[in-house]
Amino acid sequence: MTERRDGVRRRSAFGISLAVVAAVSLSACGGGDGGGGSTTIRVTLANHVWTDNVKKALPEFEKQTGLKVEVTQLGEDQLSDQYNVKLNAGSSDIDVMMYRPLQEGRLFARNKYLADLSAQVKSNAGWNFGDFQAGPMEATTYEGKPVGIPIITEQEVLYYRKDLLDKAGLSAPPKTLDELKAAAAKIKAAEPDVAGFVARTGKSAAVTQFSSFLYSFGGDFVDGGGKAAVNSDAAKQAYAFYGALIKDSGPANVSTDMGWPEAMAIFTQGKAAFYTEANSLYKNATDPAKSKVADQVGFAPFPAGPAGSKPYNIPSWALGINAGSENTANAWKFIEWATGKEQTLAQQKSGVPGARTSVWADPEGTAGFPEDLVAAIEASTKTGVGHDRPQVIKVAEAREVVGQPLVDAITGKDAAAAADTANTAFQAFLDDEAR
Amino acid sequence: MATITTTRTPRGAPAVPVTPGWARWVNDHRKWLFAAPAMVFVAALLVFPLAWTGYLSLTDAEGSVRAESEFVGLRNYLDVLSDTDRFWPAVGRTATFTVAALLFEVVLGMAIALLLWRPFKGQRWVRVAILLPLVATPVAVGMMWRLIFDPNIGLANQVLGWFGVGPQPWLAGQHSALPTTIFIDVWQWTPMVVLILLAGLTSLSEEPQEAARIDGAGTWQRFRHVTLPLLMPTLTVAVLLRGIDALKTFDLLYSTKGRGGGSFHEVETLNVYAYGLSFDYNEYGVSSTVLILFFLIIIGAMWALTARRKEARR
């Protein structure tokens, strides 16, 4: 900087102020009250039923351990922003972080934001690391080392309205995607105010829920050789099907910005008959405080396409330790407690599906879910696919690329042409990332 | 040092022995010392971030800013300036949004200010009511309008229904989203223009108006040839303040359409685009490039406006 052609005096003044800035920021860095064994654990969590449950159970943990837990709770997007800002700066004021293994896991692990948990997971045999399902663990493992512990798993299921099906003379929920299409059209025609079908429509938000359609048509985002495959015949059919289903049988003025809160709102306001969504959100539909149709909601396995019923089956959230934390020992204590058998069982009793095999085997572990949902989950875990979005580092960007044909299809444009365009862009993206 | 005595004591006063060396140093450098807090402030909050952004814009930083990045010179600038997919449309939307919002706000603001200028009964209440949107926080305003404009369950379409008009997509439509956000911006920020113009109007003297009236000028003529020219400096301030603000709008767009400005990027302005590059794509280099270009655009617009103002004065 001193090579600039400023006058000597100005330069020295600039130098002084830079030095002061450096001093200020350095002291700010060292000033954290983290310390090598603070009794306060700073935990950052997402808005989720899981989080509500943990917060209720926290006093018990604090009493057991004598530690204090400070919870920061944020929406998904705000949570990501928070991590991007704080972890980028190497901040130590997050100890435990709730994150999305499939969305941010690779990015965070590559950036070395997540601490290696290899030693911790073996430290307590009673906690039993081997109890975690292999599929979800795969997503929280980076270069052979566990960097997160899965807490919530999810599969895509079909939500439906029992009363509307009865009215339309349908005795059972659709078993195939063709049946779904026919039933949705029938209900939409019979009930002018009600949509036959609703699902996410946002370019990025819809990708995960579309993935089950894609797999059930026999496609995937990437083929066996690692090449972009969103313009395969199967993918083109899936894009067109999803788009047409929403365009023809969806809400009258469909927005192309809907994430789950918006789509769920339409369903719970009684304005839609069918809804494909992650099962982990089912409480929003069956809780009378949140849903007008709570007593009429039924669940069914994801309808079969030409390639069978292939919903995703993934770990949606996990807990990790910030690599910059100065309080890792206590942070692990929290994770051990929150992912322990007891807490996982309590979570499942309240309807949050976890990742522990033993809890799923326990009849008590499934007692909290509606019967038809348990059946749907069982079916999904058998045939499910382990990812619900492209498995890349920059997932957010990839989702926008492969999501474009979806919004094009929903707005009545040529899905096949959009898929071709998206495939070229996606291949370029993959090439760029491989470099 | 202590042996040196002062020379400039007032006559008759006892000579005070000079203070030690540090005090003299302080005395010699007092202009720097007094200015230091302000300089540190400016350096820490303006120069440093700006310089850092400028530096990042010349690198391929991505993923994490602490990760290693390479110096790529002006490559980011070439990439961004040749990007007709996201960058230039965003520039266009930024310009459309700013110009349209500003135009409506100034015309409406002027009309309302003129109406409120002359005293009338209940004027205080009307003034308070008109200023209300100004005090609401933009995110809350965004959420409120998002509910009102919801295409399926919103109030706006219900009201239209009473008049036999079919439902409109509003914020959800690919082509209606940007006009709708402009409407919300006008709704919220016209009061500020009213406030500034009203202050300007109140400070105008009566004489020129009276003279014009005696000369037989009509209402429009008086406005066009007397009020407006006299109000010009105030109007420029209003346009400048509001224009810069409108250029930088983020809260409203983010709260109504979310990341990326909707699935078709229909309200993605430069600010929203740069945000997406940083926080969604973690492309810190490219994002910094967009920000620097945006910064230059704002400076350019400001310079053009102030230059015009100086010209008008001459």
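About the cut-offs
Residues numbered from 1 in each chain as written. Chains lettered and ligands numbered in written order. Predicted model: local features only at pLDDT ≥ 70, side-chain atom pairs only at ≥ 80, totals over all residues. Helix = DSSP H or I, 4+ residues; strand = E, 2+ residues; numbered from the N terminus. Rg over C-alpha atoms; globule rule 2.2 N^0.38 Å. Buried ≥ 20, exposed ≤ 12 C-beta atoms within 10 Å, placed from the backbone. Axes fitted to C-alpha atoms, helices over the stretch in contact; angles between N-to-C directions. Parallel < 35°, antiparallel > 145°, perpendicular 65-115°, else oblique. Left-handed = near helix turned anticlockwise from the far one by under 90°. Contact = placed C-beta atoms within 7 Å. Nonpolar A, V, L, I, M, F, W, Y, C, P; charged D, E, K, R; others polar. UniProt positions renumbered as here; feature names shortened; annotations may be inferred. Domains from an automatic or database assignment. Core = buried A, V, L, I, M, F, W, Y, C linked by C-beta atoms within 7 Å.

Student: In this structure, what is going on with the overall build of chain B? I would like to understand it.
Tutor: Within chain B, the regular secondary structure consists of 13 helices and 0 strands. Its helices and strands taken in sequence order, chain B reads α-α-α-α-α-α-α-α-α-α-α-α-α from the N to the C terminus. Scaling as 2.2 N^0.38, a compact globule of 314 residues should have a C-alpha radius of gyration of about 20 Å, whereas chain B reaches 28 Å, well beyond that. Along the three orthogonal principal directions, the C-alpha set of chain B runs to about 95 × 70 × 35 Å. Within chain B, buried positions represent 31% of all 314 residues.

Student: How should the packing of helix α9 (residues 207–214) of chain B against helix α10 (residues 219–247) of chain B be read in this particular structure?
Tutor: Think of two packed helices as two axes; the pair is described by the angle between the axes and how far apart they sit. Residues and elements named next belong to chain B. Interaxial distance between α9 and α10 falls to 10 Å at its minimum, and their mutual angle equals 165 degrees. Between α9 and α10, the crossing angle belongs to the class labelled roughly antiparallel. Here α9 and α10 pass one another in a crossing that is right-handed. Here P208, Q209, A212 and R213 of α9 lie close against α10, whose contacting residues are R222, V226 and L230. In terms of residue class, the contact of α9 with α10 is made up of 4 nonpolar, 1 polar and 2 charged.

Student: What's the story with the UniProt feature "domain: ABC transmembrane type-1" (unreviewed entry) in chain B in this structure? I'm lost.
Tutor: UniProt feature "domain: ABC transmembrane type-1" (unreviewed entry): in the numbering of this structure it lies at residues 91–305 of chain B. Here residues 91–305 of chain B is 75% helix and 0% strand, with 19 Å between the C-alpha atoms at its ends.

Student: Quick question: what am I supposed to make of the domain arrangement of chain B here?
Tutor: The parts lose accessible area when they come together, and the size of an interface is often stated as this lost area. Residue and element names in this part refer to chain B. Domain parsing of chain B yields domain 1 (24–76) and domain 2 (84–313). Of note, the centres of domain 1 and domain 2, computed from C-alpha atoms alone, are 33 Å apart. Taken together, the contact pairs 12 residues of domain 1 with 9 residues of domain 2. With 3 residues, the top contributor of residues to the side of domain 1 that touches domain 2 is helix α2 (residues 30–56). Its residues placed into classes, the side of domain 1 that touches domain 2 shows 3 nonpolar, 7 polar and 2 charged.

Student: Is there a simple way to explain the nonpolar core in this structure?
Tutor: Most often, soluble globular proteins have nonpolar side chains that are buried together. Ranked by size, the top nonpolar core spans 77 residues in total, and within it F197 and Y242 of chain A carry the most contacts. Ranked by residue count, the leading element in this core is helix α18 (residues 395–410) of chain A, at 9 residues. Split by domain, the residues of this core number at least three in each of domain 1 (40–153 + 314–383) and domain 2 (155–313 + 388–434) of chain A. Those residues within four positions of Y242 of chain A in sequence are excluded, and the remaining contacts are F210, F213, L406 and A409 of chain A. Membership of the second largest hydrophobic core comes to 42 residues, among which are W145, L198, Y254 and Y273 of chain B.

Student: I would appreciate a short explanation of the environment of A300 of chain A in the present structure.
Tutor: Position of A300 of chain A relative to the elements: it lies in strand β9 (residues 297–301). In the structure, A300 of chain A is positioned 141 residues away from Y159 of chain A in sequence and 6.6 Å away in space, judged by C-alpha atoms.

Student: Which parts of the structure should I look at to understand the domain arrangement of chain A?
Tutor: Residue and element names in this part refer to chain A. Under the domain assignment, chain A is made up of domain 1 (40–153 + 314–383) and domain 2 (155–313 + 388–434). Here the C-alpha centroids of domain 1 and domain 2 sit 27 Å apart. In this assembly, 22 residues from domain 1 lie in contact with 24 residues from domain 2. Those elements that place two or more of their residues in the side of domain 1 that touches domain 2 are α4 (101–110), β10 (313–321) and α17 (371–383). With 8 residues, the top contributor of residues to the side of domain 1 that touches domain 2 is α17. Looking at the side of domain 1 that touches domain 2, its residues break down into 12 nonpolar, 7 polar and 3 charged.

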